[in-house]
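# Observations on the model geometry
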Amino acid sequence: MTLFQIITAVRAGEGSESQWLLIVGDAKNLSGETECELAKMDFDEDLDEEVYPPGFKERGLYSTVDYQTLQDCIQWADRLAGCPDEAAACEVIRYYIRFDAWPDRLGAPDPPPWEETQARLDREFYDSLGQERPGTQCRREGCSGGAVVFSAFCRVHQFENVKKRPCPFAD
Ligand SMILES: [Zn+2]
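Analysis parameters
- Residues numbered from 1 in each chain as written.
- Predicted model: local features only at pLDDT ≥ 70, side-chain atom pairs only at ≥ 80, totals over all residues.
- Helix = DSSP H or I, 4+ residues; strand = E, 2+ residues; numbered from the N terminus.
- Rg over C-alpha atoms; globule rule 2.2 N^0.38 Å.
- Buried ≥ 20, exposed ≤ 12 C-beta atoms within 10 Å, placed from the backbone.
- Contact = placed C-beta atoms within 7 Å.
- Pairing = 2+ DSSP bridges.
- Axes fitted to C-alpha atoms, helices over the stretch in contact; angles between N-to-C directions.
- UniProt positions renumbered as here; feature names shortened; annotations may be inferred.
- Domains from an automatic or database assignment.
- Core = buried A, V, L, I, M, F, W, Y, C linked by C-beta atoms within 7 Å.

### A look at the overall build of the protein
- From N to C terminus, the protein includes 5 helices and 7 strands.
- Ordered by position from N to C terminus, the α and β elements of the protein give α-β-β-β-β-β-α-α-α-β-β-α.
- A compact globule built from 171 residues would reach a C-alpha radius of gyration of about 16 Å, whereas the protein, at 24 Å, exceeds it by more than 25%.
- A principal-axis box enclosing the C-alpha atoms of the protein has dimensions of 70 × 45 × 25 Å.
- Taken over 171 residues, the protein has a buried fraction of 20%.
- A fraction of 44% describes how many contacts in the protein between residues 6 or more apart in sequence connect residues 24 or more apart.

The following block contains the structure:
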């Protein structure tokens with residue numbers, strides 16, 4: 001089957017919630033013509049791995065999202081497109097498989113890599129700590145910084161205290 005055929009089947013209510021979407025190739029290249037299957041997956045508790053239907057692995061199929069998520073992707077795509085739209089459905093499914101999230105619009109760019117997001121959030125948190133107060137010394141031994149408001153630590157040590165990892169900033 002192709003992804004287009006699967007989208008049509010899901011729209012028609014075919015399939016069941018115990019099924020998964022399996023695709024061939026890099027999700028980045030997923031299109032309506034990509035070879036896909038909708039199949040029930042078993043899980044081998046002893047081997048701690050998924051059990052594929054016969055022949056699936058040989059064809060390069062691997063599991064991506066479950067049936068419910070697939071339905072949600074198609075519904076979300078229809079909402080973004082304003083009507084049932086196969087190309088939009090493909091786009092949202094591809095985006096979801098790659099980034100584990102729904103795009104906020106069609107044609108959305110890839111989200112920034114995780115490191116970039118973390119660096120931005122770190123900076124925002126660091127800035128939110130505010131100024132160090134002169135005359136209120138950081139409790140960390142040997143530190144001469146002033147403590148920030150609502151904390152016994154300076155900015156760097158408050159960051160490390162909360163995030164449990166070294167602070168990448170020194171300003
Ligand atoms: Zn300190």
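Now that the structure has been shown, the text picks up again.
### Observations regarding the sheet that holds strand β1 (residues 19-24)
- With antiparallel pairing, the 3 strands of this open sheet are ordered in space as β2-β1-β5. Each edge of the open sheet carries a strand with a single partner, namely β2 (36-40) and β5 (61-66). Shown here is a sheet whose adjacent strand axes are inclined to one another by a mean of 35°, direction ignored.

### Concerning the UniProt feature "domain: DUF7716" (unreviewed entry) in the protein
- Look at the UniProt record and you will see "domain: DUF7716" (unreviewed entry) annotated at residues 13-102.
- The distance from the first to the last C-alpha atom of residues 13-102 is 22 Å, and the span holds 32% helix and 26% strand.

### Observations regarding the domain arrangement of the protein
- Considered domain by domain, the protein is made up of domain 1 (3-99) and domain 2 (114-163).
- Placing the centre of domain 1 and that of domain 2 at their C-alpha centroids yields a distance of 45 Å.

### A look at unusual backbone geometry
- The backbone of Asp100 shows a phi angle near 60°, a positive value even though the residue is not glycine.
- Judged by C-beta crowding, with 10 C-beta atoms within 10 Å, Asp100 ranks as exposed.
- Phi is positive for Phe150, close to 65°, though the residue is something other than glycine.
- Tracing the sequence through the fold places Phe150 in the loop between β7 (146-148) and α5 (155-163).
- A residue is classified by how many C-beta atoms lie within 10 Å of it, and Phe150, with 8 of them, is exposed.

### Details of the nonpolar core
- Membership of the largest hydrophobic core comes to 21 residues, with the highest contact counts inside it found for Cys73, Ile74, Ala89, Val92 and Ile93.
- If you list the elements that add at least two residues to this core, you get α1 (3-11), β1, α2 (67-81) and α3 (86-99).
- Setting aside its immediate chain neighbours within four residues, Ala89 contacts Ile7, Cys73, Ile74 and Ala77.
- Listed in part, the 7 residues of the second largest apolar core include Val148, Phe153, Cys154 and Val156.

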